[in-house]
4 protein chains.
Amino acid sequence: MQFHSDNAASVHPMVWEAMRQADSADMGYDGDALSQRLDESMSDLFGTECAALWVATGTAANCLALASMVRPEGGVVCHREAHIEVDEGGAPGFYLHGAKLMLVDGEHAKITPDAIAALIDPIRDDVHQVQPHAVSITQVSEYGCTYRAEELRALSAFCQARELGLHVDGARFANAVASLGCPPREACEGADALSFGMAKNGAMNAEAIVFFDPAKADRVRYLRKRAGHLQSKGRFLAAQILAMIEHGLWLDNARKANAAAAEIAASVPDRLLHPVEANEIFLHLSETERAQLRDQGFGFHDWGADSARIVTAWDTREDHAAALAKAIGAL
Amino acid sequence: MQFHSDNAASVHPMVWEAMRQADSADMGYDGDALSQRLDESMSDLFGTECAALWVATGTAANCLALASMVRPEGGVVCHREAHIEVDEGGAPGFYLHGAKLMLVDGEHAKITPDAIAALIDPIRDDVHQVQPHAVSITQVSEYGCTYRAEELRALSAFCQARELGLHVDGARFANAVASLGCPPREACEGADALSFGMAKNGAMNAEAIVFFDPAKADRVRYLRKRAGHLQSKGRFLAAQILAMIEHGLWLDNARKANAAAAEIAASVPDRLLHPVEANEIFLHLSETERAQLRDQGFGFHDWGADSARIVTAWDTREDHAAALAKAIGAL
Amino acid sequence: MQFHSDNAASVHPMVWEAMRQADSADMGYDGDALSQRLDESMSDLFGTECAALWVATGTAANCLALASMVRPEGGVVCHREAHIEVDEGGAPGFYLHGAKLMLVDGEHAKITPDAIAALIDPIRDDVHQVQPHAVSITQVSEYGCTYRAEELRALSAFCQARELGLHVDGARFANAVASLGCPPREACEGADALSFGMAKNGAMNAEAIVFFDPAKADRVRYLRKRAGHLQSKGRFLAAQILAMIEHGLWLDNARKANAAAAEIAASVPDRLLHPVEANEIFLHLSETERAQLRDQGFGFHDWGADSARIVTAWDTREDHAAALAKAIGAL
Amino acid sequence: MQFHSDNAASVHPMVWEAMRQADSADMGYDGDALSQRLDESMSDLFGTECAALWVATGTAANCLALASMVRPEGGVVCHREAHIEVDEGGAPGFYLHGAKLMLVDGEHAKITPDAIAALIDPIRDDVHQVQPHAVSITQVSEYGCTYRAEELRALSAFCQARELGLHVDGARFANAVASLGCPPREACEGADALSFGMAKNGAMNAEAIVFFDPAKADRVRYLRKRAGHLQSKGRFLAAQILAMIEHGLWLDNARKANAAAAEIAASVPDRLLHPVEANEIFLHLSETERAQLRDQGFGFHDWGADSARIVTAWDTREDHAAALAKAIGAL
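Residues numbered from 1 in each chain as written. Chains lettered and ligands numbered in written order. Predicted model: local features only at pLDDT ≥ 70, side-chain atom pairs only at ≥ 80, totals over all residues. Heavy atoms only, no water.

1. Digging into the side chain of Gln-129 of chain C
Here Gln-129 of chain C lies in the loop between α6 (113–120) and β4 (131–138). Look past the residues within four positions of Gln-129 of chain C in its chain and what remains in contact with it is Val-86, Asp-87 and Gly-89 of chain A, Tyr-222 of chain B together with Pro-122, Ile-123 and Arg-124 of chain C. (Helix = DSSP H or I, 4+ residues; strand = E, 2+ residues; numbered from the N terminus. Contact = heavy atoms within 4.5 Å.)

Spelled out as structure tokens, the structure:
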């Protein structure tokens with residue numbers, strides 16, 4: 001009964017099926033029929049013209065998206081707990097040629113215009129100090145919380161006023177949309193680019209970078225190749241993304257993961273470190289309690305000394321979630 | 001009847017099967033049982049202790065391998081027609097932080113110690129000139145030719161004497177081994193690292209970087225993550241590689257591709273630009289002749305004004321190869 | 001009566017004289033007789049074999065020194081107020097190809113082994129997180145305070161135990177030695193490399209990078225050229241450094257600057273934000289008080305809303321320092 | 001009697017004088033009155049609005065100028081013998097984050113639109129191949145020859161048509177203007193940026209980067225700091241440049257150097273490898289002949305096995321030039 005992470009979950013049967021159908025030889029790289037359909041498919045989904053590129057990992061998606069907004073001498077404002085800061089092995093430094101991550105704090109790993117302003121307003125507008133070029137937020141945040149439409153509008157207005165790009169790391173974007181119940185564009189409103197995660201939500205190894213200004217994608221196609229991320233059989237990545245998008249699988253899967261998390265969270269409201277708004281639960285669990293749960297067959301990560309992180313996925317079995325809810329409730 | 005490239009060929013059924021079996025959730029990244037087996041599997045194959053990392057593309061494999069040998073201020077000697085120079089969108093410049101490719105010429109896209117010496121001997125050993133740090137060769141070469149064991153020994157001895165790393169771009173390494181009929185290590189003798197191609201030979205999107213000094217792999221694991229190439233479900237890449245290696249599929253597939261190329265080549269000995277030693281045929285074909293072939297349903301790339309490139313793959317149908325051989329013979 | 005910064009102070013007559021004498025043509029770059037004397041001169045000064053390179057700026061000195069210790073995928077631990085973090089326009093990101101600055105806090109802009117341990121101990125030793133490769137401290141610190149020999153020994157022992165390089169940004173290293181009254185090597189004990197500042201202390205535009213493991217300098221010579229910092233008439237930089245070192249000018253000048261600062265500080269002990277241990281004074285001064293001082297002809301920088309920074313230099317006139325001391329005392 | 005290079009020549013007395021006058025403390029970095037005058041001074045000289053930045057070396061000037069035109073994934077077309085390719089230790093790779101130098105041949109180290117077209121026309125406009133972003137020429141060329149106004153117009157028109165930036169490496173730009181006898185802008189017509197060399201022509205360690213679109217300088221100011229090239233006492237660099245420009249010293253000095261070279265060249269017309277159009281002479285001299293000259297006290301560099309390079313400077317003594325002319329004539 002695994003609750004370690006959604007990032008190693010199994011691949012959805014419809015994704016497998018789509019990959020199988022993509023096997024017949026086609027043009028290499030992104031010249032195949034499926035890759036060529038991505039722009040249109042994403043434009044339909046978001047209700048606005050956009051350009052979409054496949055890549056194999058979220059780290060590559062984030063960094064390539066940021067490379068369209070940030071020059072090497074600039075900076076990216078993000079939360080101190082942002083995945084790009086904490087868990088990507090310094091990839092932004094590599095892709096952005098030494099640009100700087102500028103860290104802000106904020107409840108639930110979310111950031112606000114005020115927090116950004118407090119960080120960047122004191123930066124002298126001179127060559128001795130690195131100037132911010134973009135803001136990156138994570139939807140859902142690293143603590144499992146969502147940005148609401150009004151929060152996004154405020155951030156987007158702030159970024160426009162300061163001439164900052166806005167990037168959304170959407171490793172769990174589907175879970176955010178499922179949680180917010182809004183149209184997808186509202187869940188990333190104002191963003192210039194979105195890393196739209198698929199691999200945690202039923203795909204095998206495909207993520208989409210969505211550019212809401214399609215012209216911005218042109219240069220990134222070169223950067224993707226330059227980073228060794230242009231696969232020769234790209235049709236298999238496109239197939240995964242289209243399978244997720246065109247039949248609503250992305251949303252169905254996210255709803256399942258969120259529902260499982262909600263069930264577990266409902267059983268332990270007093271233990272929660274953060275509101276459970278998607279498929280991650282951060283909760284107080286003493287060392288003893290964690291050991292008890294593990295003895296019962298539940299797998300999950302520690303989160304510091306007194307807490308744990310529990311993550312559900314699209315393929316989390318209902319009986320496993322119910323069992324975990326019950327087990328924690330009984331502690 | 002496609003002879004454009006092997007890089008978009010279909011995925012072998014045994015690879016599909018292995019990927020399917022890898023679907024059950026396991027540890028993320030390269031913590032899964034399959035990824036953990038790569039070192040041993042490659043060590044068995046090459047008859048020497050080595051470390052192996054999966055990546056999704058040959059460009060990433062080449063650049064990460066070179067990053068273990070070349071510092072940013074140095075250079076890599078390669079053939080003027082080398083894939084890293086001509087077809088990787090400047091990826092070596094990115095991965096090596098501005099290190100320089102130093103180009104030599106050589107028949108059949110192969111390079112010799114003499115050619116390298118002629119290039120690097122005049123380089124003054126001072127800080128004004130970029131110093132070579134490594135040599136990269138392609139086995140089979142970009143013109144479909146193989147390096148023989150004695151050629152490799154000479155290159156390797158030269159590199160050792162000059163304290164240069166030696167990298168083998170083995171996008172079609174299996175085809176080289178099939179052609180040479182030697183143990184795999186002999187086909188890359190003396191190399192410090194090998195980009196062992198799988199995707200052109202029956203896999204979907206996995207390549208192996210093989211380090212013959214296992215310690216050299218340690219740093220590259222960090223660089224792989226930093227480049228966004230550490231997939232969360234790495235088990236699917238490991239599965240492809242193991243499926244190719246552990247049952248001899250890599251060699252069987254390469255033999256099939258080579259045999260198809262040999263059949264076609266045998267029908268047109270006078271037209272060949274280069275010896276056909278693997279699965280690529282470069283041959284004189286006038287514009288009219290190319291049009292005639294295309295009218296008969298054969299697909300392939302032009303190669304300059306008067307020639308064409310024909311590539312066979314593991315899945316090239318025997319009747320297609322025979323038909324093409326006959327059609328060219330009849331021109 | 002300028003107390004803005006020592007970085008724009010005038011050039012000492014003995015430095016001018018040495019530059020004049022260097023005017024006769026000699027070998028270019030660092031092949032001249034003066035440049036060739038640097039290693040020996042610094043070895044004498046520090047009482048241990050070292051290698052020394054000239055560069056024109058402290059930013060270049062810091063970054064080139066760090067490049068000898070830090071690979072692109074690694075990190076440098078430094079104080080949150082460190083010059084390399086705050087005031088070098090992102091130069092470390094450029095020179096280190098995207099390596100990360102890892103920030104710690106500490107009183108008086110100084111850092112301790114405990115503070116470093118608190119930052120780096122939680123870093124998981126895996127590829128997802130940037131690993132520290134070096135520590136950089138500033139002697140005297142950005143708040144004008146010195147590291148004592150025992151503090152340096154503790155830091156150095158810590159770095160050795162953790163296999164971290166140790167760099168000292170010595171933009172005001174002479175002021176530290178003057179303040180500590182110790183042999184120069186004790187003021188940077190255990191450091192692998194020192195950016196030994198000259199320009200703030202009587203030189204025109206020369207700084208020395210001192211490597212206490214001379215072999216480490218070899219690669220940096222290439223990096224210096226690659227960064228466009230190898231001047232063709234390097235003899236003029238060498239001349240400045242030798243003029244500063246070989247007749248004790250570096251120490252005399254620093255003593256003068258320190259003495260002026262001490263005089264001012266002595267008049268306002270209750271206003272000080274940090275101990276005044278070198279030539280910088282950070283002190284409480286209200287907006288009104290600052291205006292009063294400026295009306296009397298004193299120039300200096302604000303330091304936040306309620307404070308100011310006053311910097312003395314080797315050429316600060318005694319009557320100016322006395323006047324400022326008196327004026328502040330009279331507020 | 002030194003004819004090795006102009007790059008180690010002495011500093012002109014008027015430059016010394018200007019530096020002396022700049023010694024009084026002023027604002028740091030480029031905030032001083034002299035630095036602030038550069039734009040206007042260069043605009044006057046070139047008869048068009050431009051922005052000018054000082055840096056200490058030609059390598060930095062070239063690379064920073066190119067950084068305003070070339071993105072990391074692009075390329076710079078230059079001559080195979082260009083200084084940026086041959087003698088800058090890979091600095092373009094560093095400053096341009098791995099962008100590629102694309103080499104063309106051409107008589108006298110000069111390049112033509114046809115030669116560029118022959119190189120870049122075959123580049124497929126796809127992501128697999130590095131796309132050219134700029135062209136860099138050297139005026140006077142590495143073989144001492146000048147581009148005429150009509151050649152520059154053709155290059156400039158070509159670059160505009162192909163949307164390529166045009167950079168002029170003018171390490172000896174003054175010598176070109178002196179030789180061509182044209183207004184300065186005609187000697188770099190159509191260039192977007194010029195590295196205007198001073199150090200070989202009487203300055204100590206200052207070069208100017210001139211941007212003919214002043215807006216392009218803004219970003220480069222940040223890049224200059226980031227590269228550690230913003231000196232704190234920048235006034236001494238500005239002083240050198242102004243001293244060279246505002247009283248015509250740049251042109252007078254270049255004329256002297258050119259005249260000395262012309263005198264020597266006139267004595268040996270049959271030995272010349274290239275027309276002598278500025279202050280460099282490449283000529284056939286056997287090993288024995290070179291030895292004979294050296295025995296007579298003349299210093300110069302070999303140029304391959306059978307030739308030599310002789311360089312005159314602003315401070316080459318007339319009697320030395322005459323003596324060398326006579327000595328070669330007498331061989």
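From this point on, the discussion continues.
2. Focus: the sheet that holds strand β8 (residues 280–284) of chain C
Residue and element names in this part refer to chain C. Taken in spatial order, the three strands of this open sheet run β8-β10-β9, and their pairing is antiparallel. If you trace the sheet from one side to the other, it starts and ends with β8 and β9 (301–302), each paired once. Relative to strand β10 (residues 307–311), β8 runs antiparallel, the two being bridged by five bridges. Bridge pairing in β10 places Glu-280 opposite Val-311. (Pairing = 2+ DSSP bridges.)

3. Comments concerning the relation of the copies chain C and chain D
If you rotate chain C by 180° and push it 0.0 Å along the axis, it lands on chain D with an RMSD of 0.0 Å. The operation mapping one copy onto its partner corresponds to a two-fold rotation axis. Judged by C-alpha distance, Ala-227 of chain C is the residue of chain C that lies nearest the rotation axis, at 3.6 Å. Take the interface residues of chain C: 100% of them recur as interface residues in chain D, which is what a same-surface contact looks like. (Least-squares fit on C-alpha atoms with pLDDT ≥ 70 in both.)

4. So, the relation of the copies chain A and chain B
Aligned on chain B, chain A shows an RMSD of 0.0 Å; the corresponding rotation is 180° and the shift along the axis is 0.0 Å. Same-surface contact between copies: 100% of interface residues of chain A are shared with the interface of chain B.

5. Here's the deal with the pairing of strand β5 (residues 165–170) of chain D
Residues and elements named next belong to chain D. Where burial is concerned, most of β5 is hidden: six out of the six residues are buried. Burial along β5 is two-sided: the residues Gly-165, His-167 and Asp-169 and Leu-166, Val-168 and Gly-170 are all buried. Bridge count between strand β4 (residues 131–138) and β5: five bridges; the pairing is parallel. Across the sheet, the residue bridging to Ile-137 is Val-168, located in β5. What joins β4 to β5 is helix α8 (residues 149–162), and the crossover it makes is right-handed. Bridge analysis of β5 against strand β6 (residues 193–196) gives four bridges, and the strand direction is parallel. Looking at β6, one finds that Val-168 is bridged to Leu-194. (Buried < 20%, exposed > 50% of the residue type's maximum accessible area, 1.4 Å probe, protein only. Right-handed = clockwise from strand over helix to strand, strands pointing away.)

6. Considerations on the packing of aromatic side chains
This structure, assessed with the given rule, holds 50 aromatic pairs over all chains. For the pair Phe-3 of chain A and Phe-298 of chain A, a centre-to-centre distance of 6.4 Å together with 45° between the ring planes defines the contact as tilted. Of the two residues, Phe-3 of chain A is situated in the segment before α1 (13–21) and Phe-298 of chain A in the loop between α12 (287–295) and β9 (301–302); the sequence distance between them amounts to 295 residues. For Phe-3 of chain A, a relative accessible area of 1% corresponds to the buried category. Judged by its relative accessible area of 4%, Phe-298 of chain A falls in the buried class. With a centroid separation of 5.6 Å and 75° between ring planes, the pair formed by Phe-94 of chain A and Tyr-95 of chain A is classed as edge-to-face. You'll find Phe-94 of chain A and Tyr-95 of chain A in the same group, each marked buried. Through successive ring pairs, a cluster of aromatic residues spans Phe-46, Phe-173, Phe-196, Phe-212 and Trp-250 of chain A. Cation over ring: Lys-110 of chain D sits above Tyr-147 of chain D, and NZ or CZ is 5.4 Å from the ring centre. (Phe/Tyr/Trp six-rings, centres within 6.5 Å; stacked < 30°, edge-to-face > 60°. Lys NZ or Arg CZ within 6 Å of the ring centre and 35° of its normal.)

7. What about the interface of chain C and chain D?
Contact with chain C, which involves 43 residues of that partner, is made by 43 residues of chain D. Both sides together, the interface formed by chain C and chain D hides about 3600 Å², and carbon and sulfur atoms give 55% of it. One can count zero salt bridges joining chain C with chain D. Our enumeration of links across chain C and chain D arrives at 31 residue pairs in polar contact (both at pLDDT 80 or more). (Buried area = accessible area lost by both parts, 1.4 Å probe. Salt bridge = Lys/Arg side-chain N within 4 Å of Asp/Glu carboxyl O. Polar contact = N/O pair within 3.5 Å; in protein donor to acceptor, adjacent residues only side chain to side chain.)

8. Regarding unusual backbone geometry
Note that the residue after Gln-139 of chain A, namely Val-140 of chain A, is joined by a cis bond; omega there is 5°. Tracing the backbone shows Val-140 of chain A in the loop between β4 (131–138) and α7 (149–162). Of note, His-108 of chain B is a non-glycine position whose phi angle comes to about 60°, a positive value. Within the secondary structure layout, His-108 of chain B lies in the loop between β3 (100–104) and α6 (113–120). You will see that Ala-109 of chain C, though not glycine, has its phi angle at about 60°, which is positive. Checked against the element boundaries, Ala-109 of chain C lands in the loop between β3 (100–104) and α6.

9. Concerning helix α2 (residues 33–46) of chain B
Residues and elements named next belong to chain B. Compared with an ideal rise of 1.5 Å per residue, which puts 14 residues at 20 Å, α2 spans 21 Å between its outermost C-alpha atoms and is within 8% of the ideal. At Asp-39, α2 shows its largest bend, some 30°. Three or more residues of α2 are buried, namely Ser-35, Leu-38, Ser-41, Met-42, Ser-43, Leu-45 and Phe-46. If you follow the buried residues of α2, they end up packed against β1 (51–55), α8 (173–180), β6 (193–196), β7 (207–211), α10 (235–246) and α11 (249–266). Between the side-chain oxygen at the start of α2 and the backbone nitrogen of Leu-34 there is a gap of 3.1 Å, and the oxygen is on Asp-32. In the stretch just after α2, Gly-47 is the one whose phi turns positive, near 70°. (Expected span 1.5 Å × (residues − 1). Bend = angle between axes of the 7 residues up to and from the residue.)

10. Description of the domain arrangement of chain A
Residues and elements named next belong to chain A. We note that the domain assignment places domain 1 (12–249) and domain 2 (253–329) within chain A. Each of domain 1 and domain 2 has a C-alpha centre, and these two points are 27 Å apart. On the side of domain 2, 15 residues touch domain 1, which itself brings 20 residues to the contact. Summing the contributions of domain 1 and of domain 2, the shared interface buries around 1500 Å²; its carbon and sulfur component is 48%. Summed over the three residues of domain 1 that lose the most area to domain 2, namely Tyr-143, Arg-172 and Asn-175, the buried surface amounts to 32% of that side. Summed over the shared surface of domain 1 and domain 2, the result is two salt bridges. For Arg-148, the salt bridge is made with Glu-277, and the minimal N-O distance between the two is 3.4 Å. Taken together, the connections running from domain 1 to domain 2 amount to ten residue pairs in polar contact (both at pLDDT 80 or more). Among the elements that line the side of domain 1 that touches domain 2, the one with the most residues is helix α8 (residues 173–180), at four residues. Here the residues of the side of domain 1 that touches domain 2 are counted per class, giving eight nonpolar, nine polar and three charged. (Domains from an automatic or database assignment. Nonpolar A, V, L, I, M, F, W, Y, C, P; charged D, E, K, R; others polar.)

11. Considering the pattern of salt bridges
All names here are of chain A. If you walk through the whole model with that rule in mind, you get 80 salt bridges over all chains. One salt bridge connects Asp-252 with Arg-255, and the closest N-O pair in it is separated by 4.0 Å. Pair noted here: Asp-252 and Arg-255 are both in helix α11 (residues 249–266), with a separation of three residues, about one helical turn. Through salt bridges with shared partners, a single ionic network connects Asp-6, Arg-172, Glu-280 and Arg-309.

12. Regarding the environment of Val-311 of chain A
All names here are of chain A. Mapped onto the secondary structure, Val-311 falls in strand β10 (residues 307–311). Taking the C-alpha atoms as reference, Val-311 lies 9.0 Å from His-301; in sequence the two are ten residues apart. With residues up to four places along the chain from it excluded, the contact list for Val-311 reads Phe-3, His-4, Ser-5, Asp-6, Arg-172, Asn-279 and Glu-280.

13. Topic: the environment of Gly-75 of chain C
All names here are of chain C. Here Gly-75 is to be found in strand β2 (residues 74–79). Taking relative accessible area as the criterion, Gly-75 reaches 0% and is therefore assigned buried. With residues near it in sequence (within four places) discarded, Gly-75 still touches Val-70, Lys-100, Met-102, Val-130, Gln-131, Pro-132, His-133 and Ala-134.

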